[in-house]
Amino acid sequence: MKALITGGAGFIGSHLVDKLLARGYQVKVIDNLSTGRIENITHVLNKIQFTKTDLKNIEDTLKALKDTDVIFHFAANPEVRVSTVSPEVHFNENVVATFNLLEAMRRMDVREIVFASSSSVYGEPEEIPVSEDAPTRPVSVYGASKAACENLIHAYSRLYGMKAVILRYANVVGLRLRHGVIYDLIMKLRKDPTRLEVLGDGTQVRSYIHVDDAVEATLIAHERTGGGYHVFNVASEDWITVDEVVNIITEELGAKPEIIHKPILHGVGWPGDVKRIALRIDRLRELGFKPRMNSKEAVRVTVKALIRESG
Ligand code: NAD
């Protein structure tokens, strides 16, 4: 099968490239290298077709789609905090880019899209863990941009008969991660091991999934579903607080910093941050998915890997 991965030089996308190659897919990658890094795919450049392409350019996108069976759409600006100060980034990089891709798919007759959505589409759910049937009420422009992309994909799927698989990922962590709370905290401690500023009151609840599990879930959802439109939560089955993440990082670095919490509003770290989010994964389980690591294990393995990676 011929797969195109948008954002394939990014964190999750590059792990997906590795897995698709191992499964015998023919792999093309397009990426504008805005947040991704060519180093993430250097080891497979002789096995894939890589083009530096920006999805905001429709003509280049059309060319890239030639001879493609399935698109794994992972390109986006993934940093939730960006939308607090520059909301247009998420509108352009996520919504406009996805619209261009769908238009290119329609014109080039590509029949399947697998989309990297996010648990942020749920906003602040009343209860956790939340199922796929819960209403989508995002509280960040990032979350809103992902919900808008889901709706565009739904319309294209219905109108033009494309198969669509929507994956609402929890916090994905692992080797090559370059954004988000774990990476930020490690970098801060590397600069100053004596004091650590933590955004929020530390009680924010999150579910973490290791990237190997997230990629496995992605392929199961793609390979074990028929035509039509499908939505899946992708997470481990438990959750931990930001303070627990901080403890794992300080333990692994052998640091004993003064911890300074910086809460705003109801204890969150920034406008658009969610206080409690965790996902039910019954739908994926029915397809045979079982995460190998829980949240704590995924965080610890990642912290060790990032410490090794950053020297
Ligand atoms: P990442 O930044 O490492 O990967 C995104 C990739 O998309 C980068 O390589 C970037 O250069 C590329 N890109 C961005 N805009 C582009 C454009 N206009 N044209 C072409 N390429 C473009 O981030 P990631 O963590 O690997 O996230 C991958 C996807 O998963 C994103 O859609 C993100 O929103 C989603 N997601 C990530 C997480 C997480 O915890 N990491 C959670 C939920 C959803």
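Criteria and thresholds
- Residues numbered from 1 in each chain as written.
- Predicted model: local features only at pLDDT ≥ 70, side-chain atom pairs only at ≥ 80, totals over all residues.
- Heavy atoms only, no water.
- Domains from an automatic or database assignment.
- Contact = heavy atoms within 4.5 Å.
- Buried area = accessible area lost by both parts, 1.4 Å probe.
- Salt bridge = Lys/Arg side-chain N within 4 Å of Asp/Glu carboxyl O.
- Polar contact = N/O pair within 3.5 Å; in protein donor to acceptor, adjacent residues only side chain to side chain.
- Helix = DSSP H or I, 4+ residues; strand = E, 2+ residues; numbered from the N terminus.
- Nonpolar A, V, L, I, M, F, W, Y, C, P; charged D, E, K, R; others polar.
- UniProt positions renumbered as here; feature names shortened; annotations may be inferred.
- Core = buried A, V, L, I, M, F, W, Y, C linked by side-chain atoms within 4.5 Å.
- Buried < 20%, exposed > 50% of the residue type's maximum accessible area, 1.4 Å probe, protein only.
- Pairing = 2+ DSSP bridges.
- Phe/Tyr/Trp six-rings, centres within 6.5 Å; stacked < 30°, edge-to-face > 60°.
- Lys NZ or Arg CZ within 6 Å of the ring centre and 35° of its normal.
- Near = heavy atom within 4 Å.
- Areas by Shrake-Rupley, 256 points an atom, 1.4 Å probe, with all protein chains shown as cover.

**Observations concerning the domain arrangement of the protein chain**
At step 1: Taken domain by domain, the protein chain holds domain 1 (2-172 + 208-234) and domain 2 (174-207 + 237-276 + 283-309).
At step 2: Of note, the centres of domain 1 and domain 2, computed from C-alpha atoms alone, are 23 Å apart.
At step 3: Taken together, the 40 residues of domain 1 in the interface contact 38 residues of domain 2.
At step 4: Summing both partners gives a buried area of about 3,300 Å² for domain 1 against domain 2, and 58% of it is carried by carbon and sulfur.
At step 5: Along the contact surface separating domain 1 from domain 2 lie 5 salt bridges.
At step 6: Here Arg283 makes a salt bridge to Asp133, at a shortest N to O gap of 2.9 Å.
At step 7: The tally of links between domain 1 and domain 2 comes to 13 residue pairs in polar contact (both at pLDDT 80 or more).
At step 8: Those elements giving two or more residues to the side of domain 1 that touches domain 2 turn out to be helix H1 (11-22), strand S7 (171-173), strand S10 (208-210), helix H7 (211-223) and strand S11 (229-234).
At step 9: For the side of domain 1 that touches domain 2, the element with the most residues is H7, which contributes 7 residues.
At step 10: Of the residues that constitute the side of domain 1 that touches domain 2, the class distribution is 18 nonpolar, 11 polar and 11 charged.

**Some remarks on the UniProt feature "domain: NAD-dependent epimerase/dehydratase" (unreviewed entry) in the protein chain**
At step 1: Per the UniProt entry, the sites bearing "domain: NAD-dependent epimerase/dehydratase" (unreviewed entry) are residues 3-235 in this numbering.
At step 2: Summarising residues 3-235: 38% helix, 22% strand, and an end-to-end C-alpha distance of 24 Å.

**What to know about the nonpolar core**
At step 1: In this structure, Leu20, Phe72 and Ile182 are the most contacted members of the largest nonpolar core, which totals 66 residues.
At step 2: Split by domain, this core shows at least three residues from each of two domains, domain 1 (2-172 + 208-234) and domain 2 (174-207 + 237-276 + 283-309).
At step 3: If we skip the residues at most four places from it in the chain, Leu20 touches Ala3, Ile5, Tyr25, Val27, Phe72 and Leu219.
At step 4: Residues Leu102, Val110, Ile113 and Ile166 belong to the second largest nonpolar core, which totals 23 residues.

**So, the pairing of strand S2 (residues 26-31)**
At step 1: In terms of residue burial, S2 counts as a mostly covered element, since 5 of its 6 residues are buried.
At step 2: Pairing analysis gives 5 bridges linking strand S1 (residues 2-6) to S2, with the strands arranged parallel. When the bridges of S2 are listed, Ala3 appears paired with Val27.
At step 3: Here S2 runs beside strand S3 (residues 49-52); their pairing, made up of 4 bridges, is parallel.

**A word on the packing of aromatic side chains**
At step 1: Inspection of the entire model under this criterion finds 3 aromatic pairs.
At step 2: Consider the rings of Phe99 and Tyr156, whose centres lie 6.4 Å apart with planes at 80 degrees: the pair is edge-to-face. Remark: Tyr156 occurs in helix H5 (residues 141-160) and Phe99 occurs in helix H4 (residues 87-108); sequence separation between them is 57 residues.
At step 3: With a centroid separation of 5.3 Å and 55 degrees between ring planes, the pair formed by Tyr156 and Tyr160 is classed as tilted. Here Tyr160 and Tyr156 lie together in helix H5, a separation of 4 residues that amounts to about one turn.
At step 4: Residue class for Tyr156 comes out buried when judged on its relative accessible area of 7%.
At step 5: Tyr160 gets classed as partly exposed once you look at its relative accessible area, which sits at 36%.
At step 6: Chaining the aromatic ring pairs together yields one cluster made of Phe99, Tyr156 and Tyr160.
At step 7: Between Arg106 and the ring centre of Tyr160, over which it is positioned, the NZ or CZ distance is 5.6 Å.

**Description of the site of the ligand**
At step 1: In the vicinity of the ligand lie 30 residues, with Phe11, Asp31, Thr35, Tyr142 and His179 positioned nearest.
At step 2: Gly36 is positioned such that a nitrogen or oxygen atom in its backbone is 3.0 Å from an oxygen atom of the ligand.
At step 3: Within the contact set of the ligand, an oxygen atom lies 2.8 Å away from a side-chain nitrogen or oxygen of Lys146.
At step 4: Within the complex, the protein chains bury 96% of what would otherwise be the 820 Å² of accessible surface of the ligand.
At step 5: Going through the elements one at a time, H1, strand S5 (112-118), H5 and S7 are the ones with two or more residues in the shell around the ligand.
At step 6: Tallying contributions element by element places S5 first for the shell around the ligand, with 3 residues.
At step 7: For the shell around the ligand, the class distribution of residues is 14 nonpolar, 11 polar and 5 charged.

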